[in-house]
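Structural overview for review
One letter stands for each residue in the lines below.
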Amino acid sequence: MSDGIVVKQTGPLALVEDGGRFGVRHLGVTQGGAADWISFRWANWLLGNPLDSAALEIVMGGGLTLEVERATRLALAGADLAATLDDAPLTPGSSFTVRPGQRLVFHQPLAGLRAYLAFPGGLTAPEVLGSRACTVRERLGGLHGDGQPLAVGDRLSWPGEAPAERRLPEGLAPHMPSAGYRLALVPGAQLAHFSGASLYRAFNMAWQVDNRADRMGVRLSGPALRCALRGMVSEGIPLGAVQVPADGQPIVLLNDRQTIGGYPRLGALTPSACASLAQCLPGTEVRLAAQGPGQAQKAHLRQLAAWKA
Amino acid sequence: MTPRIDTTAMDALMVRLFDAIDESNMAWVMAADRALRDAFGEALIDLVPSYTTLLVHYDCRQLDHSTARARVLVALDGLAPADTQAGRLHEIPVWYDESVGPELPRVAKRAGLDVEALIARHCGHDYCVFALGFAPGYGFMGLVDESLATPRLETPRRKVAAGSVGIADRQTAIYPLLSPGGWNILGRTAVPLFEYARRGEPLLRPGDKVRFKTISRAEFEADGGDTTPLEERP
């Protein structure tokens, strides 16, 4: 059956993701969903899809090769993974047409870490607990509903027809974070239990994105932070929570985080800051910048308004 | 009871009811769960109850932080404890055997019991489900008799079989899925916790009670249980 796109070769990781799995966290089921939800939404926007339609989240590239069987228009946003269509370079933040027999290859990260490839009407995949988000650890969602990442031989299909071309509005294209990027953090949770010196360091010194980073969490390395609190009772963890285990090195918890946990926290990054962090390669220097919940909400609503245009 | 409400993210509040784990907390946590769900309605994205707290994740397109905080206070005003009899009692059959429960001797030795007496003690209490987390369908339960309290393994196992029943400190739990884990494993159940969770109908819910029941290898096999020894898993 020639009706889609076939995976010829895999890279480090490619997952079907949508906006996430909500309303089930009290059952121990994680949120999931596109880690850089802003780029993901732009990819869908470029095709006129509902913004949370299932798309591919491609990490690093690493030779992921997709062979086209059916002519259509696809959209790419987020990281620049040196993608090519039959050797012609593709620019993130645009849509492009493909013909049967063409090969789409994602090579290596030039800027950012995660690229989003969107399909007309969204990728076809079974809904599991209300979402198509692939959470490997939980074995939920994805192309076959069992939490498996993209594998050789998988065939991607979509319900829509090729839409007309749409271009990103001037000045709204998401850019990949560069060195010194300031991640907005809403202070709270156990913040008061950290020493004054630790809080000074947290918000005034540089942090490096560690190579221990995945969709569950991203470890930051830098000065050790000390918290007086010991033996905390486990509690629910919001997106972006910045937890500090005994070694004093913070871990920012992202989409596939555990639903409850017992490490003290400084607060949580805003959803937009989480999207940026998800694009940081190991070694990237970032800073934490405190932002009140009201201010964070206003910035978030401005971001959401960008797609209404 | 005066709840404390902490800012915990741009669009989430932590409602703190208690400071320490206790079985008697759950009547209040479940009552607060219901009251908060009713009060937030469509503006609620997720509500995560745990031992002493509830995380309220609300839709910041509908509510700002101070409105959400005010809504929590109104919802919890005059809260009465939920009927603890309303939670379900689950009887979970477990094949306690060293092949699938390698820490039976360790836990028994610490408790100064023989293995039979340890099993009887583990089966002798109706455990309260405090929270779900770690994996879909994984329920944190307690409190285990103090004599059985055993710290986690120094080196967690890379693979713990689905259905494994374990103890960590004064908590007990069942692994719904093959996963890494550091709990002391005593036995295995054939109850398909993950299959329930996958359908969105987890067997165990916060506020439920669980009673373990010892069964023979033959009964475990008749239930469709996998008798592969824990340490031999690939």
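Residues numbered from 1 in each chain as written. Chains lettered and ligands numbered in written order. Predicted model: local features only at pLDDT ≥ 70, side-chain atom pairs only at ≥ 80, totals over all residues.

A closer look at the overall build of chain B
How we decide: To qualify as a helix, a DSSP run of H or I must reach at least 4 residues; to qualify as a strand, a run of E must reach at least 2; elements of each kind are numbered from the N terminus. The atom set for the radius of gyration is the C-alpha atoms, and the globule formula is 2.2 Å times the number of residues raised to the power 0.38. Each residue is classed by its C-beta neighbour count within 10 Å, where at least 20 other C-beta atoms makes it buried, 12 or fewer makes it exposed, and intermediate counts make it partly exposed; the C-beta atoms are placed from backbone geometry. Here contacts are defined at the residue level, using C-beta atoms placed from the backbone and a cut-off of 7 Å between them.
Scanning chain B for helices and strands turns up six helices and 13 strands. Taken against the 2.2 N^0.38 rule, which gives 17 Å for 234 residues, the C-alpha radius of gyration of chain B at 19 Å falls within 12% of a compact globule. Expressed as a percentage of its 234 residues, the buried residues of chain B come to 50%. Long-range contacts, defined as pairs at least 24 residues apart, comprise 65% of the intrachain contacts of chain B with a sequence gap of at least 6.

What about the overall build of chain A?
The secondary structure content of chain A amounts to four helices and 20 strands. Its C-alpha atoms give chain A a radius of gyration of 19 Å, within 12% of the compact-globule value 19 Å for 309 residues. Once the C-alpha set of chain A is aligned to its principal axes, its extents read approximately 60 × 40 × 35 Å. Here chain A, with 309 residues, has 54% of them falling under the buried criterion.

Some words on the sheet that holds strand β11 (residues 155-156) of chain A
All names here are of chain A. Let me state the cut-off plainly: What makes two strands pair is DSSP finding at least two bridges between them.
Ordered in space as β7-β6-β9-β4-β1-β11, the six strands form an open sheet in which the pairing is antiparallel. Because the sheet does not close on itself, it has two edges, and the strands there are β7 (88-89) and β11. Here strand β1 (residues 5-9) pairs with β11 via two bridges, running antiparallel. Bridging across to β11, Val-6 finds its partner in Arg-155.

Overview of the pairing of β1 of chain A
As defined by bridge partners, β1 of chain A adjoins strand β4 (residues 64-68) of chain A across four bridges and the pair is classed as antiparallel. Along β4 of chain A, the bridge assignment pairs Val-6 of chain A with Glu-67 of chain A.

Considerations on the sheet that holds strand β6 (residues 127-132) of chain B
All names here are of chain B. How we decide: Only the stretch in contact is used when fitting a helix axis, every axis being a line fitted to C-alpha atoms; angles between N-to-C directions are given from 0 to 180 degrees.
Read around the barrel, seven strands follow the order β5-β12-β9-β10-β7-β6-β13 and close on themselves; strand pairing throughout is mixed. Across the sheet, the mean angle from the axis of one strand to that of its neighbour is 40 degrees, orientation sign disregarded. Sheet topology places strand β7 (residues 139-142) next to strand β10 (residues 171-174); two bridges connect them, and they run antiparallel. Note on β10: the bridge partner recorded for Gly-142 is Gln-171. Relative to strand β12 (residues 184-188), helix α3 (residues 104-111) is tilted by about 120 degrees, and along the sheet it contacts β5 (89-96), β9 (164-168) and β12.

Brief notes about the packing of helix α1 (residues 25-40) of chain B against helix α2 (residues 65-76) of chain B
The relative placement of two packed helices comes down to the angle between their axes together with the axis-to-axis distance. Residue and element names in this part refer to chain B. Convention followed: Here is the rule for angles: anything less than 35 degrees is roughly parallel, anything more than 145 is roughly antiparallel, 65 through 115 is roughly perpendicular, and the remaining ranges are oblique. Helix crossings are classified by the rotation of the near helix relative to the far one: an anticlockwise turn of less than a right angle makes the crossing left-handed, while a clockwise turn makes it right-handed.
The interhelical angle for the contact between α1 and α2, taken along N-to-C directions, is 130 degrees, at an axis separation of 9 Å. Comparing their axes, α2 and α1 come out oblique. Classified by chirality, the crossing of α2 by α1 is right-handed. Note on element contacts: α2 touches α1 through Arg-71, Val-72, Val-74, Ala-75 and Leu-76, opposite Ala-32, Ala-35, Leu-36, Ala-39 and Phe-40.

Things to note about the domain arrangement of chain A
It is common to give the size of an interface as the accessible area lost on bringing the parts into contact. Residue and element names in this part refer to chain A. Operational definition: Boundary definitions for the domains trace back to an automatic or database domain assignment.
Here chain A is partitioned into domain 1 (5-156) and domain 2 (181-305). Relative to domain 2, the C-alpha centre of domain 1 lies at a distance of 26 Å. Listed by partner, the interface residues are 19 residues for domain 1 and 15 residues for domain 2. Those elements that place two or more of their residues in the side of domain 1 that touches domain 2 are α1 (37-46), β5 (72-80) and β10 (111-118). Of the residues forming the side of domain 1 that touches domain 2, the biggest block, three residues, is contributed by β10.

Here we look at the domain arrangement of chain B
Residue and element names in this part refer to chain B. We note that the domain assignment places domain 1 (4-85) and domain 2 (87-232) within chain B. Centre-to-centre, using C-alpha coordinates, domain 1 lies 29 Å away from domain 2. At the interface, nine residues of domain 1 touch eight residues of domain 2.

Some details on the interface of chain B and chain A
Inclusion rule: Charged residues are taken to be Asp, Glu, Lys and Arg, nonpolar residues to be Ala, Val, Leu, Ile, Met, Phe, Trp, Tyr, Cys and Pro, and polar residues to be all remaining types, Gly included.
Contact residues are listed per partner, giving 37 residues for chain B and 37 residues for chain A. Listed by contribution, the elements that provide at least two residues to the side of chain B that touches chain A are β1 (4-9), β2 (12-16), β3 (44-49), β4 (53-58), β6 and α5 (193-198) of chain B. Of all the elements, β3 of chain B adds the most residues to the side of chain B that touches chain A, at five residues. When grouped by side-chain class, the residues that make up the side of chain B that touches chain A number 22 nonpolar, ten polar and five charged.

Digging into the environment of Gly-122 of chain A
Residues and elements named next belong to chain A. Counting through the fold element by element, Gly-122 comes out in the loop between β10 and β11. Since 21 C-beta atoms lie within 10 Å of it, Gly-122 is described here as buried. Residues Gly-122 and Asp-52, 70 residues apart in the sequence, show an inter-C-alpha distance of 8.6 Å. With residues near it in sequence (within four places) discarded, Gly-122 still touches Asn-49, Ser-53, Ala-54 and Trp-158.

Looking at unusual backbone geometry
Residues other than glycine predominantly adopt negative phi, and peptide bonds predominantly adopt the trans conformation. With an omega of -5 degrees, the peptide bond running from Gly-142 of chain B to Leu-143 of chain B counts as cis. On the secondary structure map, Leu-143 of chain B appears in the loop between β7 and β8 (157-160). The phi dihedral of Asp-86 of chain A is positive, around 45 degrees, even though this residue is not glycine. Note that Asp-86 of chain A resides in the loop between β6 (84-85) and β7.

Looking at α1 of chain B
Residues and elements named next belong to chain B. We count it as follows: In this scheme, a helix's expected span is set at 1.5 Å multiplied by one less than its residue total.
Along its 16 residues, α1 runs 22 Å from first to last C-alpha, staying within 8% of the 22 Å computed at 1.5 Å per residue. All buried positions along α1 are accounted for by Asn-25, Met-26, Val-29, Met-30, Ala-32, Asp-33, Ala-35, Leu-36 and Phe-40. In this structure, the buried residues of α1 make contact with β2, β3, β4, α2 and β6. Positive phi shows up at Gly-41, right after α1, with a value of about 50 degrees.

Brief notes about the nonpolar core
The line we're drawing: Structurally, a nonpolar core is described as a collection of buried Ala, Val, Leu, Ile, Met, Phe, Trp, Tyr and Cys residues joined by way of C-beta atoms within 7 Å.
Formed by 167 residues in total, the largest nonpolar core has its most connected members in Ala-43 of chain A together with Val-56 of chain B. Setting aside residues up to four positions removed in sequence, Ala-43 of chain A forms contacts with Ala-55, Ala-75, Leu-76, Ala-77, Tyr-116, Leu-117 and Ala-118 of chain A.

Things to note about the pairing of strand β3 (residues 55-59) of chain A
Remark: a regular strand shows side chains that alternate across the two faces of the sheet. All names here are of chain A. Most of β3 sits inside the fold, with five of its five residues counted as buried. By the bridge criterion, four bridges tie β3 to β10 in an arrangement that is antiparallel. Bridged to Val-59 within β10 is Arg-114.

Side note on the environment of Gly-166 of chain B
Residues and elements named next belong to chain B. Position of Gly-166 among the secondary structure elements: in strand β9. Judged by C-beta crowding, with 23 C-beta atoms within 10 Å, Gly-166 ranks as buried. Separated by 18 residues in the primary sequence, Gly-166 and Asn-184 have C-alpha atoms spaced 5.0 Å apart. If we skip the residues at most four places from it in the chain, Gly-166 touches Thr-172, Ala-173, Trp-183, Asn-184, Ile-185 and Leu-186.

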